Amino acid sequence: MARRAAVRNSTAEWRAIAEGPDLLFHIHSIAGKEGGGWTEEEFYASGREDWEQFLSHWKHFEPTVGGRCVEIGCGAGRLTAPLSAYFDAVDAVDVSSAMIALTKAKVGDNVTFHEVCSNVIPLEDSSVDAVFTVQVLQHLDNLAAIRAYIAEALRVLKPGGTIMAHVMLPGREISLARKLLWEAKLIRSRYGLSRSQTHTSVRMVFPTAGQALHMFRDVGFADVELRGFPVTSTGGFHSFFLGRKRR
């Protein structure tokens, strides 16, 4: 059986997942779409539908949002494609070269790609107008990594620029026993991934609403808002934080 390097963190985890089967389902996991149930047409159409909903909330917060945007975690480009149709330029950041290759085939030449291995956005200070991310931050290794990415978003934003960031919040208090069970499942799954098996669990990190709010405020974001709504493609509740870099 072919083996990969040991999968010890979320970066290695998602690089391995990107090279495995049924990738579109693992990116956008809707019941009934497993086992190759997504067609490319349906997958990318779901991204366009969701983006229209996300954009309506972002414009309510900042009516003039536009210009140059960073997308943290472009994946296979489900949202990158509509982002590139809306913004003048997009900087798409991801940990996986395989993901980036898929996205390149779906977007125009106004998208610049950045493969990363840490929570650093490889752009200059105050160089972009907007930062967007969805279904990404919960897969980082810990709360400190989430906070670091939020701080990076603030750094690269121009004064007055805004962020719309999905942060998955716990539906209820998570017991120590449940946390330990999740950790055991994750260890087994990562062991399987290192042996080219399909993953059975991924890292999930859930800050409370209060913890997330403090992350955005503590790094320096102003006018921070939390918005929650059911998303078109899944019907599932999504929580987004919006904030502004002070002028």
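Per chain, the residues get numbers from 1 upward, laid out in the order the sequence is written. Local features in this predicted model are restricted to residues of pLDDT 70 or higher, and side-chain atom pairs are both shown and tallied only at a pLDDT of 80 or more, whereas totals for entire chains, interfaces and linings draw on every residue. Excluded from the side-chain calculation are hydrogens and water; included are all heavy atoms of the structure.

1. What about the overall build of the protein?
Where we set the bar: Only DSSP runs of H or I with at least four residues qualify as helices, and only runs of E with at least two residues qualify as strands; both kinds are numbered from the N terminus onward. Computation of the radius of gyration draws on C-alpha atoms, with the globule rule given as 2.2 Å multiplied by the number of residues to the power 0.38. Contacts between residues were defined by any pair of non-hydrogen atoms, one from each residue, lying within 4.5 Å. Accessibility throughout is a Shrake-Rupley quantity obtained with a 1.4 Å probe, and a residue counts as covered only by protein chains that appear here. As used throughout, the charge tally considers Lys and Arg to be positive and Asp and Glu to be negative, leaving His and the chain termini uncounted. Note on charges: their place is set at NZ of Lys, CZ of Arg, CG of Asp or CD of Glu.
The helix and strand inventory of the protein stands at eight helices and seven strands. Relative to a compact globule of 247 residues, whose C-alpha radius of gyration would be 18 Å, the protein shows 17 Å and is just as compact. For the protein, the spread of C-alpha atoms along the principal axes amounts to about 55 × 40 × 35 Å. For the protein, the share of sequence-separated contacts (at least 6 apart) that also reach a separation of at least 24 residues comes to 68%. For the protein, the accessible area works out to roughly 11600 Å², and carbon and sulfur atoms hold 52% of it. Taking the 28 positively charged and 27 negatively charged side chains of the protein as two groups, their mean positions are separated by 6 Å.

2. What about helix α7 (residues 176–193)?
The condition is simple: By this rule, a helix spans an expected 1.5 Å times one less than how many residues it contains. Working definition: with a 1.4 Å probe on protein chains only, accessible area under 20% of the residue-type maximum means buried, over 50% means exposed, and in between means partly exposed. The arc under discussion is defined with respect to the helix axis, by the directions toward the C-beta atoms.
Given a rise of 1.5 Å per residue, 18 residues ought to cover 26 Å, and the 26 Å separating the end C-alpha atoms of α7 matches this to within 8%. What α7 keeps buried is the set L186, S189, R190, G192 and L193. Taken down its axis, α7 places every buried residue within 150° of arc, on the same side. Opposite the buried face of α7, by more than 90 degrees, sit the exposed residues L176, A177, L180, I187, R188 and Y191. Considering only its buried residues, α7 is in contact with α1 (10–18).

3. Considerations on the pairing of strand β2 (residues 89–94)
Here is the rule we go by: Strands are treated as partners if at least two bridges between them are detected by DSSP. By convention a crossover is right-handed if, when the strands point away from the viewer, the path from the first strand over the helix to the second runs clockwise.
Taken across its six residues, β2 has five buried, putting it largely inside the fold. Sheet topology places strand β1 (residues 68–72) next to β2; five bridges connect them, and they run parallel. Bridging across to β2, I72 finds its partner in V93. You can see the chain leave β1, run along helix α4 (residues 80–86) and come back into β2, and the turn it takes is right-handed. A crossover links β2 with its parallel partner strand β3 (residues 111–115), the connecting element being helix α5 (residues 97–104), and its sense is right-handed.

4. What to know about α1
Note the cut-off: Counted as a polar contact is a pair of N or O atoms within 3.5 Å, where, for protein atoms, one must be capable of donating a hydrogen and the other of accepting one, and residues adjacent in sequence contribute only when both atoms are in side chains.
By the criterion of burial, α1 is predominantly enclosed, with seven of the nine residues buried. Taken residue by residue, α1 has S10, T11, E13, W14, A16, I17 and A18 as its buried positions. Residues of α1 that are buried in the fold lie against α2 (23–27), α5 and α7. Of the residues that open α1, the one with a side-chain oxygen 3.2 Å from the backbone nitrogen of T11 is N9.

5. Some points on the environment of G192
In this structure, G192 sits in helix α7. C-alpha of G192 to C-alpha of R4: the two residues are 188 residues apart in sequence and 9.8 Å apart in space.

6. Re the pattern of salt bridges
Short version of the rule: By convention in these notes, a salt bridge is any Lys or Arg side-chain nitrogen within 4 Å of a carboxyl oxygen on Asp or Glu.
Inspection of every chain in the model, using the stated rule, returns 14 salt bridges. A salt bridge links K33 to E42; the nearest nitrogen and oxygen atoms lie 3.2 Å apart. With a closest N to O distance of 3.9 Å, D141 and R190 form a salt bridge. Placement of D141 in the loop between β4 (128–133) and α6 (143–156) and of R190 in helix α7 is noted, with a sequence separation of 49 residues between them. On the basis of relative accessibility, which here comes to 8%, the residue R190 falls in the buried class. Put simply, E13, D141 and R190 are held in one network by salt bridges that share partners.

7. Regarding the packing of aromatic side chains
Each aromatic ring pair is described using two quantities: the centre-to-centre distance and the angle formed by the ring planes. Going by this rule: Pairing of aromatic rings covers Phe, Tyr and Trp, the last counted by its six-membered ring, and requires centre-to-centre distances within 6.5 Å; plane angles under 30 degrees mean stacked, over 60 mean edge-to-face, and any other angle means tilted. Only Lys NZ and Arg CZ are tested; either one counts as a charge over a ring when it is within 6 Å of the ring centre and within 35 degrees of the ring normal.
Tallied over the entire structure, the rule returns 16 aromatic pairs. Residues F43 and Y44 carry aromatic rings whose centres are separated by 5.0 Å and whose planes lie at 85° to one another, so their mutual orientation is edge-to-face. Like Y44, F43 is buried. Ring centres of F229 and F240 lie 5.6 Å apart, and the angle between their planes is 5°; this geometry places the pair in the stacked category. On the criterion of sequence distance, the pair formed by F229 in strand β6 (residues 221–230) and F240 in strand β7 (residues 237–245) is long-range, its members being eleven residues apart. An aromatic cluster is defined as three or more aromatic residues linked by ring pairs; in this entry it consists of W51, F54, W58, Y86, F87, F132, F229 and F240. Residue placement shows K33 over the ring face of W38; its charged tip is 4.9 Å from the ring centre.

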